[in-house]
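In case you want the letters, here they are:
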Amino acid sequence: MRPGLTLGVEEEFLLVDGDGRLAAAGPEISALVDDDGGQVEHELRRCQVESATDVCETIDEVVTGLRDLRDRLAAEAAAQGLRLLPSGTAPMADDRPPRFTPDARYHRMAREFGAIAQASLTCACHVHVAIPDAATGLRISNHLRPWLPVLLALSANSPFHNGDDTAYASWRQPLWTRWPSAGPPPHFDSVDAYEARVEGLLSAGAALDRAMLYWDIRLSAHQPTVEVRIADALPTPEEAALLAAVIRGLAAQALDDEPVAQPTPEVLRGRLWRSARDGLAGCCVDPRTGALVPAWQVVDDLVTSVRPWLGADTEFVEDSLTRLRATGNGAQRQRAAFDRAGRMADVLEELAWPT
């Protein structure tokens, strides 16, 4: 592994009561979690919390950091009779609109974006890779861009929303892309080109600030990292770490190799729609050929492509994919839980992080 490609992983979670209804306790629970390793924050809605690891050099550090943060959040939630839910969308129907967290910026977002903000209740996993400068970050962004659909298929974990099966593996992805600054990033020829796109969104008010640049890959507004934001909140720390390891492999490859053919924005959006619908259970577009093939074939091709750059992460990636092939990804496991007895309660049991 190329020196310097350290990682950080952010995870967003829902808080629910025993019946799976959203619980407006995010700010209170995040305030109770100690700051001994990693970071915990409130989120846009009072029913959400967010965690972030410290800077990690190894994948073992990522797994340990994520597990510790989940354990601490789940313990505080359990003390209030609540559960921590790693899901891209709220599975259960809830007739009470979730409130915004008391925060001036969040309330400004609610005023400016109206129903988009009101309907926005999704949870994601974000992977940060350290970069020395913006130009390197954009080289990595360009290189990862064609592979976004298979990363989405791998991480899809939101088939249910408001009590219904959406017929999507990742319903979060279509919901999230309603924000005017969201979606796959353009291909950037230079840092100046990136800044021009950013300024265009800011001047239109489509993003209130750089933290609202919601592209699936972006230069972080607060850290010297490139941030990959394509994934749903993942069921386990190991699956989040698998995503991080593959992304780090792609980032390392980007510094040595030329990217595959760059799809146009509308074609990439179409490919992402397909992956959001099918996940790993169906088909995905091969970025090398443009052909629609079984999703696992594209996963295997991706890992074969980046294997020389996985370094010490190779065994973890291969073992994790073997387990995932046997169990299915989050979306598949949620549906399997529901199919056993046709009960959403079983989906909640499948998802909820144990205390």
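Preceding block: the structure.
Everything numeric here is computed off the predicted structure, so don't read it as measured data.

Parameters at a glance
Residues numbered from 1 in each chain as written. Predicted model: local features only at pLDDT ≥ 70, side-chain atom pairs only at ≥ 80, totals over all residues. Heavy atoms only, no water. Buried < 20%, exposed > 50% of the residue type's maximum accessible area, 1.4 Å probe, protein only. Helix = DSSP H or I, 4+ residues; strand = E, 2+ residues; numbered from the N terminus. Phe/Tyr/Trp six-rings, centres within 6.5 Å; stacked < 30°, edge-to-face > 60°. Salt bridge = Lys/Arg side-chain N within 4 Å of Asp/Glu carboxyl O. Contact = heavy atoms within 4.5 Å.

### Focus: helix α5 (residues 148–155)
And then number 1: Counting buried positions along α5 gives 8 out of 8 residues, so the element sits mostly inside the fold.
And then number 2: Restricting attention to buried positions, one finds in α5 the residues L148, P149, V150, L151, L152, A153, L154 and S155.

### Here we look at the packing of aromatic side chains
We describe a pair of aromatic rings using the distance from one ring centre to the other and the angle between the two ring planes.
And then number 1: All chains considered together, the criterion is met by 9 aromatic pairs.
And then number 2: Taken together, a centroid distance of 4.6 Å and an interplanar angle of 45° make the contact between W176 and Y214 tilted. Of the two residues, W176 sits in helix α6 (residues 172–176) while Y214 sits in the loop between α7 (191–204) and β8 (217–219), which places them 38 residues apart along the sequence.
And then number 3: Judged by relative accessible area, which is 15%, W176 ranks as buried.
And then number 4: Classification of Y214 by relative accessible area gives buried; the value is 8%.

### A look at the pattern of salt bridges
And then number 1: With the rule as written, the count across this model stands at 21 salt bridges.
And then number 2: The salt bridge involving R105 is made with D209; its shortest N-O contact spans 2.8 Å. Residue R105 is found in helix α3 (residues 104–118), and its partner D209 is found in the loop between α7 and β8; the two are separated by 104 residues along the sequence.
And then number 3: Exposure remark for R105: the relative accessible area of 30% places this residue in the partly exposed category.
And then number 4: Exposure remark for D209: the relative accessible area of 24% places this residue in the partly exposed category.
And then number 5: One salt bridge in this structure joins E318 and R307, with 2.9 Å as the shortest N-O distance. One end of the pair, E318, is in helix α11 (residues 314–327); the other, R307, is in helix α10 (residues 295–310), with 11 residues separating them in the sequence.
And then number 6: Put simply, D34, D68 and R72 are held in one network by salt bridges that share partners.

### Quick look at the side chain of S170
And then number 1: Note on placement: S170 falls in the loop between β7 (164–165) and α6.
And then number 2: Looking at S170, the relative accessible area reads 0%, which means it is buried.
And then number 3: Setting aside residues up to four positions removed in sequence, S170 forms contacts with L152, A156, S158, D232 and A276.

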